[in-house]
Amino acid sequence: MKILFVTWDGPQVTYLESLFLPIFKKLAETGVDFHIMQFTWGDDRRIEVSRQACAQAGFTYQAEIIWRRPLAAGSLLSALRGSRLIRQAVHKHHIDAVMPRSTLPALATLLALRGSTLPMIFDADGLPLDERVDFAGQSPTSLAHRFLRDIEAQAARRADVVLTRSQKAVEILQARAGAGTANDKFQVVRNGRDPSAFSPGDSCSRAKTRQQLGIEEAAPVLIYAGSLGPQYCLPQMLQLFSHVHERRPDSRLLILTGSPEALPPALDVYPHLKPAISVLTVDATAVPKYLACADLGLAFRQASFSMRAVAPIKLGEYLLCGLPVVASDGIGDTSTLVDPQIGCLMKGMGDAELADAADWFVDSVLVERESFRERCRAAGLTSFSLDSSVEGYRKAITLAGVQRTLSP
């Protein structure tokens, strides 16, 4: 089966290379051949990185520049132009199904497939339109938002299969698609990682990483990996660490981020913690060794309507590396995936809740560190391994193929 994957990415994200290509490579072993069409406003260097990654994976790659001017209309015009490019790619590569990721690729695909029975697998990838309302100040009554919400609903109705990252997203998208939209066309898939790359390692490798960082072997280490935007609750992370540091003055906080400039203003409130906090910007391939050397992973995120549909990638990375987690409730399916055996679920972000989480870490995790490591690794393999993601996509592709066969 040949699938055209259509994605829309800014130059600052690497989801194609880090998340999707490993899944697609595994699927290729089962006879699924992918062709990648990426709409982007990245420069030539960034495009070449993606091109080489696709070539190494054995997939064809086609980059198309997103028009950024005029601001709103440029994206729409790029999507309209994309419909013609998708039709050309379908013909050139003898495509059996088109898989648009997110709303604007879905618009291009809907236009490209008008009058066609070619299967469509809509990777809704959360609720990106609602994220813009929650965190970017977009009005839910604006013409652009209402138009794209209609495209989202049309895509869910037209698609043979709709991929989501949480069960709550299934409920929301099915309701928006309207009566008659079958529940069995929705498939929840996880953001899986390669467990051979994301692993706890051994005591020697963990000690070596700590030595490189200048951290004592017995010191408690908390870690956060990811962006530091407003929705990621940096002040609450620092407040939690302050409670841990009060009980264990030798504790350290390690932050791996591509946006280190967000940290200094927040640290002004905690000047006494500055010597205990290290901020690094590292290559993606180096992230697992830093996670493995830590004792607790932080997965805070501001709860909102849109966050019900996401699946934090870092949660799986932490667990696969043997890290117990402190995670926010109300984020995707986190509440069903995190229990006291592997983590502490934060139902509130007040100081009392943060102090309780710090006590749980010091009194439970540090006392039974090896037991937590084993349980977290097992939970990661069950829910967040690359194989679990591949199986979800395989089921979706099979379902799309069956429905095509059964369609008149």
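Scroll up a little and you will see the structure.
Residues numbered from 1 in each chain as written. Predicted model: local features only at pLDDT ≥ 70, side-chain atom pairs only at ≥ 80, totals over all residues. Heavy atoms only, no water.

Participant: What is the right way to look at the overall build of the protein in this model?
Facilitator: Summing up its helical and strand segments, the protein has 16 helices and 13 strands in all. In terms of C-alpha radius of gyration, the protein reaches 22 Å, essentially the compact-globule figure of 22 Å for 408 residues. Viewed in the frame of its principal axes, the protein has a C-alpha envelope of about 65 × 45 × 45 Å. Looking at the protein as a whole, 54% of its 408 residues qualify as buried. Looking at the protein alone, contacts between residues at least 24 apart form 74% of all its contacts between residues at least 6 apart. Carbon together with sulfur atoms contributes 53% to the accessible area of the protein, which is approximately 17500 Å² in total. Positive and negative side-chain charges of the protein, numbering 44 and 43 respectively, have mean locations separated by a distance of 7 Å. (Helix = DSSP H or I, 4+ residues; strand = E, 2+ residues; numbered from the N terminus. Rg over C-alpha atoms; globule rule 2.2 N^0.38 Å. Buried < 20%, exposed > 50% of the residue type's maximum accessible area, 1.4 Å probe, protein only. Contact = heavy atoms within 4.5 Å. Areas by Shrake-Rupley, 256 points an atom, 1.4 Å probe, with all protein chains shown as cover. Lys, Arg positive; Asp, Glu negative; His and termini not counted. Charge placed at Lys NZ, Arg CZ, Asp CG, Glu CD.)

Participant: How should I be thinking about the packing of aromatic side chains in this particular structure?
Facilitator: How two aromatic rings sit relative to each other is set out by the distance from centre to centre and by the angle between their planes. Inspection of the entire model under this criterion finds eight aromatic pairs. Between F34 and F59, the ring centres sit 6.0 Å apart and the planes meet at 70 degrees, which makes this aromatic pair edge-to-face. With F34 in strand 2 (residues 33-40) and F59 in the loop between helix 2 (44-57) and strand 3 (60-65), this residue pair connects regions lying 25 residues apart in the sequence. Under the relative-accessibility criterion, F34 is labelled buried at 0%. (Phe/Tyr/Trp six-rings, centres within 6.5 Å; stacked < 30°, edge-to-face > 60°.)

Participant: Would you take a moment to explain the sheet that holds strand 7 (residues 186-188) for this structure?
Facilitator: Remark on secondary structure: sheet strands pair via backbone hydrogen bonds, oriented parallel or antiparallel. The three strands are arranged 5-6-7 in an open sheet whose pairing can be described as parallel. Sheet topology places strand 5 (121-123) and strand 7 at the edges, where each strand pairs with a single neighbour. Taking the axes of each pair of neighbouring strands and ignoring which way they run, one obtains an average angle of 25 degrees across the sheet. Across three bridges, the pairing between strand 5 and strand 6 (residues 161-164) is parallel. Residue D123 lies in a different strand from strand 6, and its bridge partner there is L163. (Pairing = 2+ DSSP bridges. Axes fitted to C-alpha atoms, helices over the stretch in contact; angles between N-to-C directions.)

Participant: Which parts of the structure should I look at to understand helix 12 (residues 313-320)?
Facilitator: Across the eight residues of helix 12, eight count as buried, placing the element largely inside the fold. The set of residues buried in helix 12 consists of I313, K314, L315, G316, E317, Y318, L319 and L320. Following helix 12 by one or two positions, G322 adopts a phi angle in the positive range, close to 80 degrees.

Participant: Before we go on, may I ask you to explain the nonpolar core in this structure?
Facilitator: Across soluble globular proteins, you tend to see nonpolar side chains buried next to one another. Core analysis: the largest hydrophobic core is formed by 63 residues, its most contacted members being I223, I277, L291, L298, Y318 and V326. If you tally residues by element for this core, the top one is helix 14 (residues 351-365), at seven residues. The next biggest cluster of nonpolar side chains, apart from the first, holds 39 residues, and it includes V6, F39, V98 and F186. (Core = buried A, V, L, I, M, F, W, Y, C linked by side-chain atoms within 4.5 Å.)

Participant: Explain a nonpolar patch on the surface here, please?
Facilitator: Taken together, the side chains of W67, L76, L77, L80 and F147 present a nonpolar region at the surface, about 420 Å² in accessible area. In terms of residues, the nonpolar patch owes the most to one element, helix 3 (residues 71-93), which gives three residues. When you line up the elements, F147 lands in helix 6 (residues 143-158). (Patch = residues over 30% accessible without salt bridge, like charges linked within 9 Å, V, L, I, M, F, W, Y side chains within 5 Å. Salt bridge = Lys/Arg side-chain N within 4 Å of Asp/Glu carboxyl O.)

Participant: Would you take a moment to explain the environment of E64 for this structure?
Facilitator: Relative to the assigned elements, E64 resides in strand 3. Along the sequence, E64 and F384 sit 320 residues apart, while their C-alpha atoms lie 31 Å from each other. Non-local contacts of E64, meaning those with residues more than four positions away in its chain, are made with Q38, F39, T40, R81 and L85.

Participant: Sorry, what's going on with unusual backbone geometry here?
Facilitator: In most cases, non-glycine residues show a negative phi, while peptide bonds are predominantly trans. Its identity as a non-glycine residue notwithstanding, H94 has a phi of 55 degrees, on the positive side. Tracing the chain through its elements places H94 in the loop between helix 3 and strand 4 (97-100). In this model, C233 sits at a positive phi of 60 degrees, which is unusual for a non-glycine residue. The residue C233 is located in the loop between strand 8 (221-225) and helix 9 (234-247) in this model.

Participant: Can you walk me through the pattern of salt bridges in this structure?
Facilitator: A side chain with one charge can pair with a side chain of the opposite charge if their charged atoms come near. Throughout the structure, instances matching the rule amount to 24 salt bridges. Residue D359 is joined to R247 by a salt bridge in which the shortest nitrogen-to-oxygen separation is 3.0 Å. Taken as a pair, D359 in helix 14 and R247 in helix 9 lie far apart in primary sequence, 112 residues in all. According to the relative accessible area criterion, R247 is partly exposed, its value standing at 39%. The network of salt bridges with common partners includes D9, R101, D123, D125 and R165.

Participant: Can you help me understand the sheet that holds strand 9 (residues 252-256) in this one?
Facilitator: One open sheet accounts for six strands, arranged 10-9-8-11-12-13; its pairing is parallel. The two strands at the open ends of the sheet, each matched to only one other strand, are strand 10 (277-280) and strand 13 (343-346). On average, each strand axis in the sheet is tilted by 20 degrees relative to the strand beside it, whichever way the strands run. Relative to strand 9, strand 8 is paired through five bridges, and the arrangement is parallel. Each bridged residue has a counterpart across the sheet, and for A225 the counterpart in strand 9 is L256.

Participant: How should the pairing of strand 6 be read in this particular structure?
Facilitator: Looking along a regular strand, one sees the side chains alternate between the two faces of the sheet. Because side chains alternate across strand 6, one face comprises the buried residues V161 and L163, and the other comprises V162 and T164, equally buried. By the bridge criterion, three bridges tie strand 6 to strand 7 in an arrangement that is parallel. In the sheet register, L163 faces strand 7, and the bridge partner there is Q187. Handedness of the crossover is the feature at issue here: the chain leaves strand 6, passes through helix 7 (residues 167-177), returns alongside strand 7, and the resulting connection is right-handed. (Right-handed = clockwise from strand over helix to strand, strands pointing away.)

Participant: Help me understand the environment of C233, please; the structure alone is not making it clear to me.
Facilitator: Taking relative accessible area as the criterion, C233 reaches 7% and is therefore assigned buried. On a C-alpha basis, the gap between C233 and A266 in space is 10 Å, while along the polypeptide they are 33 residues apart. Setting aside chain neighbours within four positions, we find C233 in contact with F300, R301, Q302 and M349.

Participant: Explain the packing of helix 1 (residues 15-28) against helix 2 to me, please; I cannot follow it from the model alone.
Facilitator: To characterise two packed helices, one gives the angle between the axes of the helices and the distance between these axes. Across the interface, helix 1 lies against helix 2 with an axial gap of 10 Å and an inter-helix angle of 15 degrees. Taken as axis vectors, helix 1 and helix 2 run roughly parallel relative to one another. Remark: the crossing between helix 1 and helix 2 carries right-handed chirality. Residues L16, E17, L21 and K25 of helix 1 form the contact with helix 2, whose own contacting residues are R46, V49, S50, A53, C54 and A57. (Parallel < 35°, antiparallel > 145°, perpendicular 65-115°, else oblique. Left-handed = near helix turned anticlockwise from the far one by under 90°.)

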